[in-house]
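Breakdown of the fold
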Amino acid sequence: PVEDLEFDPTLVCRGLIIDKDLGNMIKVDRFGKVRRAMHGTRRMLFGEMNEVYSGEHVDLREGKRFIFLNTLFSVSEGCLYIQLVQKWDDGTLKVRDESTGRDLTFTYEMLFNAVSKSLFKAHVEGRLKADVMRNPSRYVEMDTELPLTLLDQREAGKKLALITNSDWEYTKV
């Protein structure tokens, strides 16, 4: 059900929070007050957002309702999730139980857990890296200015190091 989806970096950024109960992506201020919200890929109007979150204090330390997007990996997870929430609400996301032939019903939390589990599994099994290694131009935006920038740094006497947690084979791509 995700074949037609594409990563859209304008939808999600680090620092946003997923509300698994309601299928929303929210931005809160330093006091935990919701300042902006999206349901699926649609930005909620102020009145709609206020109706849902008025007086609510978002505390990430409490419960499992809220997921903080604090890594680039979690940004892709959030992007996929809100697009699937949109498809689910539009009625275009159909998942069939193979044993019964019936459409499955999801809560927004179940949908998030399925997305999270699938991405984690693809990452751990190496399928994600293998796909990138097979077709790097699909995933990596080459910056033609980067070599010049690195040479400028070296000529200025700077010493640079690349630090990564990726395995050696992956870094050679």
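The following paragraphs examine the structure supplied in this document. Throughout this description, residue numbers start from 1 for each chain and increase along the sequence as written. It should be noted that, the model being predicted, local features are given only for residues of pLDDT at least 70 and side-chain atom pairs only at 80 or more, the latter also being counted only at that level, while totals for whole chains, interfaces and linings use all residues. Side-chain metrics in this entry use all non-hydrogen atoms of the structure; hydrogen atoms and water are not considered.

1. Structural notes on the sheet that holds strand S1 (residues 17–19)
Think of it this way: DSSP has to see at least two bridges between two strands before they count as a pair. Helix numbers and strand numbers start at the N terminus; a helix is a DSSP run of H or I with at least 4 residues, a strand a run of E with at least 2. The strand order across the open sheet built from five strands is S4-S3-S2-S1-S5, with neighbouring strands paired in antiparallel fashion. The outermost strands of the open sheet, each flanked by one partner alone, are strand S4 (42–43) and strand S5 (66–68). Two elements, strand S3 (residues 34–39) and S4, share two bridges in a ladder whose sense is antiparallel. Across the sheet, Met 38 pairs through a bridge with Arg 43, a residue of S4. Relative to S3, helix H2 (residues 72–90) is tilted by about 60 degrees, and along the sheet it contacts S1, strand S2 (24–28), S3 and S4. Two residues form a contact once any of their heavy atoms are found within 4.5 Å. Every axis corresponds to a line fitted to the C-alpha atoms, with the helix fit spanning only the stretch in contact, and the corresponding angles, defined between N-to-C directions, vary from 0 to 180 degrees.

2. Some points on the environment of Leu 60
Within the secondary structure layout, Leu 60 lies in the loop between helix H1 (46–53) and S5. Taking C-alpha positions, Leu 60 is 8.8 Å from Gly 32, a pair spaced 28 residues apart along the chain. Setting aside its immediate chain neighbours within four residues, Leu 60 contacts Ile 17, Phe 66 and Phe 68.

3. Considerations on H2
To estimate how far a helix should reach, multiply one less than its number of residues by 1.5 Å. For H2, which comprises 19 residues, the first-to-last C-alpha distance of 27 Å matches the rise-based estimate of 27 Å (1.5 Å per residue) to within 8%. Think of it in three bands: with a 1.4 Å probe and only protein chains considered, a residue is buried below 20% of the maximum accessible area for its type, exposed above 50%, and partly exposed in between. All of the buried residues along H2 are Ser 74, Val 75, Glu 77, Gly 78, Cys 79, Leu 80, Tyr 81, Ile 82, Gln 83, Leu 84, Val 85 and Lys 87. Positive phi appears at Gly 91, one or two residues downstream of H2, with a value of about 85 degrees.

4. Side note on empty space enclosed by the protein
Within this scheme a cavity is a closed region of a 1 Å grid, computed over the protein atoms alone, that accommodates a 1.4 Å probe without allowing it to escape, whereas a pocket is open but has protein on both sides within 12 Å along at least five of seven lines; lining residues each have an atom within 4 Å of a point. Grid points are joined across faces, edges and corners, and a volume is the space filled by probe spheres set on the points. Within this structure, the stated rule accounts for one cavity of 30 Å³ or more. One number sums up the size of the largest cavity: a volume of about 40 Å³. When residues of the lining of the largest cavity are assigned to their parent elements, the largest contribution, three residues, is made by H1. Split by residue class, the lining of the largest cavity holds three nonpolar, two polar and one charged. Only Asp, Glu, Lys and Arg are considered charged in this grouping, and only Ala, Val, Leu, Ile, Met, Phe, Trp, Tyr, Cys and Pro are considered nonpolar; every other residue, Gly among them, is considered polar.

5. Concerning a nonpolar patch on the surface
Only residues whose relative accessible area exceeds 30% and that form no salt bridge enter a patch; like-charged residues are grouped when within 9 Å of one another, and nonpolar side chains (Val, Leu, Ile, Met, Phe, Trp, Tyr) when within 5 Å. For the area figures, the Shrake-Rupley method with a 1.4 Å probe applies, and any residue is considered shielded solely by the protein chains shown. We define a salt bridge as a contact between a side-chain nitrogen of Lys or Arg and a carboxyl oxygen of Asp or Glu at a distance within 4 Å. There is a patch of nonpolar side chains on the surface, built from Tyr 139, Val 140 and Met 142 and spanning about 330 Å² of accessible area. The topology assignment puts Met 142 in the loop between helix H5 (136–139) and helix H6 (146–155).

6. What to know about the layout of surface pockets
Taken as a whole, the largest pocket holds about 2200 Å³ of empty space. Mapped by element, the contributors of at least two residues to the lining of the largest pocket are H2, helix H3 (108–124), helix H4 (127–134), H5 and helix H7 (168–171). In terms of residue count, the dominant contributor to the lining of the largest pocket is H2 (eight residues). Looking at the lining of the largest pocket, its residues break down into 27 nonpolar, ten polar and eight charged. Estimates place the volume of the second largest pocket at around 200 Å³. Along the walls of the second largest pocket sit Thr 10, Leu 11, Val 12, Cys 13, Leu 16, Met 25, Ile 26, Lys 27, Arg 36, Ala 37, Met 38 and Arg 43, which together make up its complete lining. Contributions of two or more residues to the lining of the second largest pocket are made by S2 and S3. The residue makeup of the lining of the second largest pocket, split by class, is eight nonpolar, one polar and three charged.

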